[in-house]
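Here is what each chain is made of, one letter per residue.
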Amino acid sequence: MPSESAPKPPSLSTQVSRAVVWNTLFVPLRLVAEVLSTLVKLNLLTQAGYGLLALISGANNGFGTAVDLGTQRALPKYIPELNKAGGARAVLRLLLAVFAAQMAVLLVIAVGLATWLRGPYLGTLRDKILADPKTGLVDQLQLLGLLDGYGALVIGAILALLFLGVCYDMFMAYLNSFFKQRAWNSIALAAGLLPQLLSVAAILILPDQWDILGVLAATVLAPTIAVALAGWQVLRLQIVAFRLQIEQERAADASADSTVGQSAIPRAASSESAVRQSAIQNLKSAIPKGFIPYTGVSFLMTATDFVASAGFAIYLAGDIGDVAVLTAGAALAKMALGYLYTPMVGVQVPLFTRVRQGEGGTLNGAYQSLVRLQLLLFVPGGVGLMLLAQQALLVISPKYLVAAPIVWVLVPCLFIESLLTTAHNALIVYEKLGVIIISRLLTLAAVAALALLLPPRMGLLGVALAFGLSRVAAGAWATGSGYRLLGLRWPWRFTARVLAATLAMSALILAARGLLPPLADGALIAERLREAGLMFALAAVGAVGFFVALRLLGGLDAQDKAQLLKLKLPLKRWLAKLI
């Protein structure tokens, strides 16, 4: 009786489409949780307390960059390659080798923070608190008392977060590598919701002197749960992969037994020799060829990303109040960018990797499809945020209205840089490492030069411009290099249509923005929620105006519209007609 044929695996375009859909479906829940948490933190925490939490988070991000060693970017590329070449065992060997290296670095950091780094780090936090003349004496004493009495807990929280970050990034890279976006997004949802909800609970329930410690505890508990969920998913996938590999090896052995006639003794000897050779080969191949140079460049990328970020820039701010304002403005810009970028999460590097392996499509076709999707999201989204930034900050907390210029500066810088990163991802998948190194050294040079020139002249706005413009400079170099080395071509016609539709949307929003009722500084929560609802309604009107204008200008390209019709989306035919 003939055996049933195995089900045909989904095509690469189908896998990518499903990944985009699952990424997008989880946006609303994460958005609600983050907006709620931001509202509570900015309104119920003092400005100095919010700034202190930002400084602690910045330190965790900096140390996390060192512990990562560039593997977070590298694993989504090498896991699919290793799985195809050597199966589940090869993937497991790589993950264990990476984990051991990261634990060694974490041990060094832990010893340093527990001994000679502890005093200077806590001293930096004290200096920022004392330098702010706007912070009241009671708030200063409360924060200084927290650092003096519970400094060890702050250090312990940073170390715990570093360990959990290693585990989380490794597990999520594995899920991303196989387009397991439903599992990935479920876990990412938990990882995004739990810190926000637990932080809100800590702020609302605990007394003022304990709220910051409560937030720190929430930021440790939440990733612990997320790591457990991600680990369980990876374990299940690895068990299935190992079973499949064992079955394939048994089938290969059975085939060899039926075709090769040998005596039992020579066969046994040959088997023992093969086992020894296999063990030696496994040891040598735990780190695949090219992995170390690739992770070295990835580490440079991660390090420069941190240097050109708000997490590093806040240490250039003058005092704890400036830290809070810069963090609030950057948080609003990054929150909007993060949700607009959500459909792309975990898609670009695996997509380019599989295109390179010949699994479907062309490099330039994949590149242009990704850029068109991002243009469709980032350009109207970024412009809309800039137009409504003041209203959004008034709704969130009137005392942070001074952060509006930070938003106006960072939105174009960060959104443009995200668009330019697509070519950057293609270059690193195709191992154009020299170009990536130059791009990242350009980032460091730009940050150093701009940080010296702009903050003395422009203050806090100069700090924001320094790290924002440096990211754009590196992205422009990468995009130009992708044009030259990989034949990547920017979709200029579609870009022009999107820009024209965005201008129409902007005119509509500007005309309707004056209809929003003014919000007084002491507005009650109900009034602010009403204003938020009206603002979201205005944004929705602008979005409809954008899509109508885009449709009148030509709409989506034919290949993108065809791909849209393949997705399992409700009302997809209506959506295709609209855009």
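Residues numbered from 1 in each chain as written. Predicted model: local features only at pLDDT ≥ 70, side-chain atom pairs only at ≥ 80, totals over all residues. Heavy atoms only, no water.

Engineer: I'm lost on the overall build of the protein chain in this one. Help?
Structural biologist: Regarding its fold elements, the protein chain presents 22 helices and zero strands. Put simply, the protein chain has 579 residues, and 49% of those count as buried. With an accessible surface of roughly 26800 Å², the protein chain has 69% of that area assigned to carbon and sulfur atoms. (Helix = DSSP H or I, 4+ residues; strand = E, 2+ residues; numbered from the N terminus. Buried < 20%, exposed > 50% of the residue type's maximum accessible area, 1.4 Å probe, protein only. Areas by Shrake-Rupley, 256 points an atom, 1.4 Å probe, with all protein chains shown as cover.)

Engineer: What should I look at first to understand the confidence of the model for the protein chain in this one?
Structural biologist: Note: predicted coordinates in regions of low pLDDT should not be interpreted at a detailed level. Mean pLDDT over the protein chain: 78, with 77% of residues reaching 70 or higher. The least confident element of the protein chain is helix α9 (residues 264-284), whose mean pLDDT is 48; the most confident is helix α19 (residues 492-513), at 91. Every residue in residues 1-6 scores below 50 in pLDDT, and together they form zero contacts with partners more than four places removed in sequence or on other chains. Long-range and interchain partners of residues 261-272, a stretch whose pLDDT sits below 50, account for three contacts in this model, where long-range means more than four residues apart. (pLDDT = per-residue confidence, 0-100. Contact = heavy atoms within 4.5 Å.)

Engineer: When you look at the side chain of Gln102 in this model, what are you seeing that I'm missing?
Structural biologist: The residue Gln102 is located in helix α4 (residues 71-114) in this model. Of the residues examined, Gln102 reaches a relative accessible area of 3% and is grouped as buried.

Engineer: What is the right way to read a nonpolar patch on the surface from this model?
Structural biologist: A surface patch of nonpolar side chains, about 690 Å² in accessible area, is lined by Leu44, Tyr150, Leu153, Leu204, Ile205, Leu206 and Trp210. Those elements that provide at least two residues to the nonpolar patch are α6 (137-177) and α7 (181-205). For Leu206, the position within the fold is in the loop between α7 and α8 (211-259). (Patch = residues over 30% accessible without salt bridge, like charges linked within 9 Å, V, L, I, M, F, W, Y side chains within 5 Å. Salt bridge = Lys/Arg side-chain N within 4 Å of Asp/Glu carboxyl O.)

Engineer: Whenever I open this one, the packing of aromatic side chains confuses me. Can you help?
Structural biologist: To describe a pair of aromatic rings, one takes the distance between the centres and the angle between the planes. Enumeration over the complete set of coordinates arrives at five aromatic pairs. Look at Tyr50 and Tyr400: their rings are 6.0 Å apart centre to centre, the planes differ by 70 degrees, and that puts the pair in the edge-to-face class. Of the two residues, Tyr50 sits in helix α3 (residues 47-68) while Tyr400 sits in the loop between α15 (389-396) and α16 (404-429), which places them 350 residues apart along the sequence. Residue classification places Tyr400 among the buried residues on the basis of a relative accessible area of 0%. Measuring from ring centre to ring centre gives 5.9 Å for Phe378 and Phe415, while their planes differ by 65 degrees; the resulting arrangement is edge-to-face. In this pair, Phe378 sits in helix α14 (residues 363-387) while Phe415 sits in helix α16, placing the two residues 37 residues apart along the sequence. Note on accessibility: Phe378 and Phe415 belong to one class, buried. Residue placement shows Arg489 over the ring face of Tyr483; its charged tip is 3.8 Å from the ring centre. (Phe/Tyr/Trp six-rings, centres within 6.5 Å; stacked < 30°, edge-to-face > 60°. Lys NZ or Arg CZ within 6 Å of the ring centre and 35° of its normal.)

Engineer: Can you walk me through the packing of α14 against α19 in this structure?
Structural biologist: Packed helices, taken two at a time, are described by their axes: the angle between them and the distance between them. Following both chains from N to C, one finds α14 and α19 inclined at 25 degrees, their axes separated by 10 Å at the closest point. If you check the angle between α14 and α19, you find them roughly parallel. Of the two possible hands of crossing, α14 and α19 adopt the one that is right-handed. Here Arg372, Leu375, Leu376, Val379, Pro380, Val383, Gly384 and Leu387 of α14 lie close against α19, whose contacting residues are Phe494, Thr495, Val498, Leu499, Thr502, Met505, Ser506, Ile509, Leu510 and Arg513. (Axes fitted to C-alpha atoms, helices over the stretch in contact; angles between N-to-C directions. Parallel < 35°, antiparallel > 145°, perpendicular 65-115°, else oblique. Left-handed = near helix turned anticlockwise from the far one by under 90°.)

Engineer: Got a minute to help me understand the pattern of salt bridges in this structure?
Structural biologist: Close approach of charged atoms allows side chains of opposite charge to pair. All told, the structure shown has four salt bridges when counted by the stated rule. One salt bridge in this structure joins Glu417 and Arg471, with 3.6 Å as the shortest N-O distance. Note that Glu417 is positioned in helix α16 and Arg471 in helix α18 (residues 460-485), a separation of 54 residues in sequence. Summarising the burial analysis for this pair, Glu417 and Arg471 share the class buried. Linked through salt bridges whose partners overlap, the residues forming this network are Asp305, Glu417, Arg440 and Arg471.

Engineer: Can you help me understand the environment of Ala532 in this one?
Structural biologist: Structurally, Ala532 is set in helix α20 (residues 525-552). Each C-alpha atom of the pair Ala532 and Leu394 lies 9.5 Å from the other, and the pair is 138 residues apart in sequence.

Engineer: Looking at this structure, how should I read helix α12 (residues 320-340)?
Structural biologist: Structural remark: α-helix, 3.6 residues per turn; residues separated by three or four positions point the same way. Under the 1.5 Å per step criterion, the end-to-end length of α12 is 30 Å for 21 residues, consistent within 8% with the ideal 30 Å. Counting buried residues along α12, 15 of its 21 residues qualify, which places the element largely inside the surrounding structure. Capping the start of α12, Asp319 holds a side-chain oxygen 2.9 Å from the backbone nitrogen of Gly321, two or three residues further along. (Expected span 1.5 Å × (residues − 1). Polar contact = N/O pair within 3.5 Å; in protein donor to acceptor, adjacent residues only side chain to side chain.)

Engineer: Help me out: how do you make sense of α3 in this one?
Structural biologist: Spanning 22 residues, α3 covers 31 Å between terminal C-alpha atoms, matching the ideal 32 Å at 1.5 Å per step. Across the 22 residues of α3, 16 count as buried, placing the element largely inside the fold. Just downstream of α3, Leu69 is the residue with a positive phi angle, here 60 degrees.

Engineer: Please explain the environment of Val154 as it appears in this structure.
Structural biologist: Residue placement: Val154 occurs in helix α6. Among the residues examined, Val154 registers a relative accessible area of 0% and is labelled buried. For the pair Val154 and Leu216, spaced 62 residues apart in sequence, the C-alpha separation works out to 7.7 Å. Apart from the residues lying within four places of it in its own chain, the contact partners of Val154 are Ile56, Leu146 and Leu216.

Engineer: Just checking my understanding: could you explain unusual backbone geometry for this structure?
Structural biologist: Only a minority of non-glycine residues have a phi that is not negative, and only a minority of peptide bonds are not trans. Positive phi outside glycine occurs at Leu69, with the angle close to 60 degrees. Its place among the elements puts Leu69 in the loop between α3 and α4.

Engineer: Can you help me understand the packing of α12 against α18 in this one?
Structural biologist: Interaxial distance between α12 and α18 falls to 11 Å at its minimum, and their mutual angle equals 50 degrees. Considering their axes alone, α12 and α18 lie oblique with respect to each other. Where α12 crosses over α18, the handedness of that crossing is right-handed. Contacts from Asp322, Val325 and Leu326 of α12 reach α18 at Leu460, Val463 and Ala464. Looking at the contact of α12 with α18 residue by residue, the class counts come to five nonpolar, no polar and one charged. (Nonpolar A, V, L, I, M, F, W, Y, C, P; charged D, E, K, R; others polar.)

Engineer: When you look at the side chain of Gln368 in this model, what are you seeing that I'm missing?
Structural biologist: Structurally, the position occupied by Gln368 is in helix α14. Polar contacts involving the side chain of Gln368 include one to the main-chain carbonyl oxygen of Arg489, which spans 2.7 Å. Aside from chain neighbours lying at most four places away, what touches Gln368 is Arg489, Trp490 and Pro491.

Engineer: What is the right way to look at the environment of Gly329 in this model?
Structural biologist: Considering the arrangement of structural elements, one finds Gly329 in helix α12. Separated by 77 residues in sequence, Gly329 and Ile406 place their C-alpha atoms 5.3 Å apart. Discounting residues that sit within four places of it in the chain, Gly329 has contacts with Ala403, Ile406 and Val407.

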